[in-house]
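A look at the structure
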Amino acid sequence: MKIKFNWGTGIVIGIVCFMVFILQYVIRVQLDARYDNELVTENYYQKEVEVNSNRIKQEKAGELGAELKVETSDKGIEVFFPKDFNYEKIQGEISLYRPSNQALDQTFPLKMSSNYLLIPKSRLVDGRWDITLNFDYEGNEYQVQKTLILK
């Protein structure tokens with residue numbers, strides 16, 4: 001049996017080889033744990049619905065001005081609440097989100113003993129952290145979102 005090799009046969013072989021190459025790439029990415037393809041957050045669609053209420057909370061926090069600060073220092077992540085706030089009435093939580101590793105994400109309830117909160121550096125790894133501070137003070141809800149680099 002004689003196989004005739006012409007342009008049409010070459011093009012078909014080329015397309016088949018390309019499809020096999022792409023398929024092996026897709027299968028490798030799906031099976032290999034190094035290529036994590038999870039959603040950014042577990043409840044993505046629920047969080048999307050909350051965007052409007054979060055915007056209102058962020059505007060209220062913006063009205064507090066420079067009195068409410070979230071920043072890094074040699075000690076870790078520091079949160080300064082306004083001095084005229086009674087720290088015993090502050091309720092809420094602080095969420096630390098690590099974009100590069102979901103296993104490092106943390107959420108802490110706010111347990112205040114003053115208008116200052118410290119998350120020690122010993123509990124964190126260096127790098128980028130997306131911080132969301134949600135708290136309630138005398139019936140008003142506030143939210144602060146910051147991206148900080150811990151060194």
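Note that this is a predicted model, so its numbers are computed, not measured.

**Things to note about the overall build of the protein chain**
- Check the secondary structure of the protein chain and you find three helices and seven strands.
- Overall, the protein chain shows an N-to-C arrangement of helices and strands of α-α-α-β-β-β-β-β-β-β.
- A total of 151 residues make up the protein chain; the buried ones form 26% of that total.
- Of all intrachain contacts in the protein chain linking residues separated by at least 6 positions in sequence, the fraction that spans at least 24 positions is 58%.
- One way to put it: in the protein chain the 19 positive side-chain charges average out to a point 10 Å from where the 21 negative ones average out.

**Observations concerning the packing of aromatic side chains**
- Taken as a whole and judged by the stated rule, the model has six aromatic pairs.
- Taking 5.0 Å as the distance between ring centres and 85° as the angle between the ring planes, the aromatic pair formed by Phe81 and Phe135 counts as edge-to-face. You can see Phe81 sitting in the loop between strand S2 (76-80) and strand S3 (90-97) and its partner Phe135 sitting in strand S6 (residues 127-137), a full 54 residues away along the chain. You'll find Phe81 and Phe135 in the same group, each marked buried.
- Centre to centre, the rings of Phe85 and Tyr137 are 3.9 Å apart; their planes meet at 5°, and the pair counts as stacked. Note that Phe85 is positioned in the loop between S2 and S3 and Tyr137 in strand S6, a separation of 52 residues in sequence. Pair check on accessibility: Phe85 and Tyr137 agree, each one buried.
- Sitting over the face of the ring of Phe80, Lys69 holds its NZ or CZ atom 5.2 Å from the ring centroid.
- If you follow Arg98 out to its NZ or CZ, it ends over the ring of Trp129, 5.3 Å from the centre.

**Structural notes on unusual backbone geometry**
- Of note in this structure, Glu138 is not a glycine but carries a positive phi near 50°.
- Considering the arrangement of structural elements, one finds Glu138 in the loop between S6 and strand S7 (140-150).

Analysis parameters
Residues numbered from 1 in each chain as written. Predicted model: local features only at pLDDT ≥ 70, side-chain atom pairs only at ≥ 80, totals over all residues. Heavy atoms only, no water. Helix = DSSP H or I, 4+ residues; strand = E, 2+ residues; numbered from the N terminus. Buried < 20%, exposed > 50% of the residue type's maximum accessible area, 1.4 Å probe, protein only. Contact = heavy atoms within 4.5 Å. Lys, Arg positive; Asp, Glu negative; His and termini not counted. Charge placed at Lys NZ, Arg CZ, Asp CG, Glu CD. Phe/Tyr/Trp six-rings, centres within 6.5 Å; stacked < 30°, edge-to-face > 60°. Lys NZ or Arg CZ within 6 Å of the ring centre and 35° of its normal.

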